[in-house]
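Close look at the chain arrangement
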Amino acid sequence: KTPGQYNLMDLNLAVNFAGDKGVLSLIPVICTCPNFTRLTVRDNGLHNATVVALCRAVENHPSLSILDVSSNSNLSIDAGMALLTLAKKNPRIRRLGISKTRISKELQKKINDIVLQNQDSSGPPVHAHHQIIAPKEFFR
């Protein structure tokens, strides 16, 4: 298909072990789905470089608002900094799941603060068709 003709809006790969290669292969698909709002890759054995690449690719995504990379225990400062940059550059990001990673509590707080600012902004809302994941699930 050509860009813009995909109708994919939500992808949940939680505990699916798509791994780094699987998630990296999805980046071009996500980027061609203008209505894509939610990606869950919780507990997939992801490493920092994959999350960095994902964050860079979706910095300007027009509708992505929820990204869950929690329970990927290999994630640390590099992934955390990429997620912080993503939240700063894309105000549509309203939820970031980062619990059960090695991202420091201090950096998690900074990320959470930006995400909360995004939630309070007057930008586009999180799409109502999703079951919103409680913030306590993301930030423990």
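Residues numbered from 1 in each chain as written. Predicted model: local features only at pLDDT ≥ 70, side-chain atom pairs only at ≥ 80, totals over all residues. Heavy atoms only, no water.

**Comments concerning the overall build of the protein chain**
When its secondary structure is counted, the protein chain shows five helices and four strands. In the protein chain, the succession of α and β elements from N to C terminus is β-α-β-α-β-α-β-α-α. Among the 140 residues that make up the protein chain, the fraction classed as buried is 46%. Sequence-distant contacts, at least 24 apart, represent 87% of the contacts inside the protein chain between residues at least 6 apart. A total accessible area of about 7200 Å² is found for the protein chain, and carbon and sulfur atoms account for 54% of it. (Helix = DSSP H or I, 4+ residues; strand = E, 2+ residues; numbered from the N terminus. Buried < 20%, exposed > 50% of the residue type's maximum accessible area, 1.4 Å probe, protein only. Contact = heavy atoms within 4.5 Å. Areas by Shrake-Rupley, 256 points an atom, 1.4 Å probe, with all protein chains shown as cover.)

**Thoughts on the sheet that holds strand β1 (residues 10–12)**
Pairing is parallel across the open sheet formed by four strands, whose spatial order is β1-β2-β3-β4. Taken across any chain shown, the strands that pair with only one partner, and hence form the sheet edges, are β1 and β4 (95–97). Between one strand and the next, the sheet's axes are offset by a mean angle of 5°, whatever the strand orientation. Sheet topology note: the strand β3 (residues 66–68)/β4 ladder contains three bridges and is parallel. From the neighbouring strand, I66 faces β4, where its bridge partner is R95. (Pairing = 2+ DSSP bridges. Axes fitted to C-alpha atoms, helices over the stretch in contact; angles between N-to-C directions.)

**Thoughts on the packing of helix α1 (residues 19–31) against helix α2 (residues 48–57)**
Packing of α1 against α2 leaves a shortest axis separation of 10 Å and a crossing angle of 5°. Classified by the angle between their axes, α1 and α2 sit roughly parallel to one another. Residues D20, V23, L24, I27, I30 and C31 of α1 touch α2, and the partners they reach there are T50, A53, L54 and A57. Along the lines of polarity and charge, the residues of the contact of α1 with α2 split into eight nonpolar, one polar and one charged. (Parallel < 35°, antiparallel > 145°, perpendicular 65-115°, else oblique. Nonpolar A, V, L, I, M, F, W, Y, C, P; charged D, E, K, R; others polar.)

**Some remarks on the pattern of salt bridges**
A complete count under the given rule lists four salt bridges for this structure. Measuring nitrogen to oxygen at the nearest pair gives 3.9 Å for the salt bridge that ties D10 to R38. Note that D10 is positioned in strand β1 and R38 in strand β2 (residues 38–40), a separation of 28 residues in sequence. Here D10 falls in the partly exposed class, since its relative accessible area comes to 35%. (Salt bridge = Lys/Arg side-chain N within 4 Å of Asp/Glu carboxyl O.)

**A look at the side chain of T40**
By the secondary structure assignment, T40 is in strand β2. Discounting chain neighbours no more than four positions away, the residues touching T40 are L11, N12, L13, A14 and D68.

**Side note on the environment of S65**
With respect to the secondary-structure elements, S65 resides in the loop between α2 and β3. C-alpha separation for the pair S65 and V115, spaced 50 residues apart in sequence, amounts to 9.9 Å.

**Here's the deal with the environment of N48**
Inspection of the secondary structure puts N48 in helix α2. In this structure the C-alpha to C-alpha distance between N48 and M81, which are 33 residues apart in sequence, comes to 9.9 Å. The contact partners of N48, leaving out residues within four places of it in the chain, are N74, L75, S76, D78 and A79.

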